[in-house]
Amino acid sequence: MNTEKVAARRLTAEEVAELGLQDSIFVSAETDGLPLDCYAPAFLTGPGSNFEGGSFTARTIFGEEIHVLPDNAEEGGIWVADEAGEEIEVLQSAGVLLNLALFVPNGNKESLEALYAAARDAFGAGIVQRWNEEVVEVPDVKVDLYEEPIRGRKNASQNRDRRALDIYPTRVRFLEPSDGWKFVVEPHKEVVDETPTI
């Protein structure tokens, strides 16, 4: 297990309540429900002031969601880097897992195998693995993607931002709307420039 020693101090619930989403913290390491005797870098899932009852939720950089009561002596608590603090063991990353959605125009089995072989050549045969392969035929249809505010005022003209034009609906599944916005998907319409020309 790859860890490093980091100087840190344990925070009280009052101190955690002052943290924001960008503040780096350390929480008990856990992976796939397996508790580990060390800590993991993490961030709060919401500003500390938003949590009630003293229980905070943090998401580690490894994607695990942890619920913590900072003042509970029986739990690992929430820690922050501090040179004057005590040393804790922090779990390090072993690499990056990429979840890829590949669109292969007129894709067939041979072209998919060629992509896989190229990836194995680039990174090594023991590194690139196919864990879950979903082969989906993509309809030859394009859509326009817009974003609108989730809460619009009544009788007000909706603000709308163009996110993407002329994309496949399958691609929309892998996009996420901006905070406070929702997606609106419409059939693709060619943009016609009706500006008079001389």
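Within any chain, residue numbers begin from 1 and follow the written order of that chain's sequence. Given that the model is predicted, a residue must reach a pLDDT of at least 70 before its local features are reported, and side-chain atom pairs must reach 80 or more before they are shown or counted; all residues, however, enter totals for whole chains, interfaces and linings. Side-chain figures throughout are based on the complete set of non-hydrogen atoms in the structure, without hydrogens or water.

## So, the overall build of the protein
The secondary structure content of the protein amounts to three helices and 10 strands. Helix and strand labels come from DSSP, where a helix needs a run of H or I of at least four residues and a strand needs a run of E of at least two; each type is numbered from the N terminus. If you list the helices and strands of the protein from N to C, you get β-α-β-β-β-β-β-β-α-β-β-α-β. The C-alpha radius of gyration of the protein comes to 24 Å, more than 25% above the 16 Å expected for a compact globule of 198 residues. Projected onto the principal axes, the alpha-carbon positions of the protein cover approximately 70 × 55 × 35 Å. Accessible areas in this description were obtained via Shrake-Rupley with a 1.4 Å probe; residue shielding takes into account the shown protein chains only. Here the protein has roughly 14800 Å² of accessible surface; of this, 49% comes from carbon and sulfur atoms. Here the positive residues are Lys and Arg and the negative ones are Asp and Glu; neither His nor the chain ends is included. Think of each charge as sitting on NZ of Lys, CZ of Arg, CG of Asp or CD of Glu. Charged side chains in the protein number 18 positive and 37 negative. The centres of these two groups are separated by 9 Å. For the radius of gyration, the atom set is restricted to C-alpha positions; the globular benchmark scales as 2.2 Å times the number of residues to the power 0.38.

## Re the packing of aromatic side chains
Any two rings among Phe, Tyr and Trp, with Trp reduced to its six-membered ring, count as a pair given centres within 6.5 Å; such a pair is stacked if its planes are under 30 degrees apart, edge-to-face if over 60, and tilted if neither. Taken as a whole, this structure holds two aromatic pairs when the rule is applied. For a Lys NZ or an Arg CZ to count as sitting over a ring, it must be within 6 Å of the ring centre and within 35 degrees of the ring normal. Of note, R160 hangs over the ring of Y146, and the distance from its end group to the ring centre comes to 4.5 Å.

## Concerning the pattern of salt bridges
When a carboxyl oxygen of Asp or Glu is within 4 Å of a side-chain nitrogen of Lys or Arg, the pair counts as a salt bridge. Taken as a whole, this structure holds eight salt bridges when the rule is applied. Close ionic contact of E148 with R160 constitutes a salt bridge, the shortest N to O distance being 3.0 Å. Note that E148 is positioned in strand 8 (residues 143-149) and R160 in the loop between strand 8 and strand 9 (161-167), a separation of 12 residues in sequence. Using a 1.4 Å probe on the protein chains alone, a residue whose accessible area is under 20% of its type maximum counts as buried, one over 50% counts as exposed, and one in between counts as partly exposed. Classification of E148 as buried rests on a relative accessible area of 11%. Overall, the relative accessible area of 35% leaves R160 in the partly exposed class.

This is a description of form; function is not addressed.
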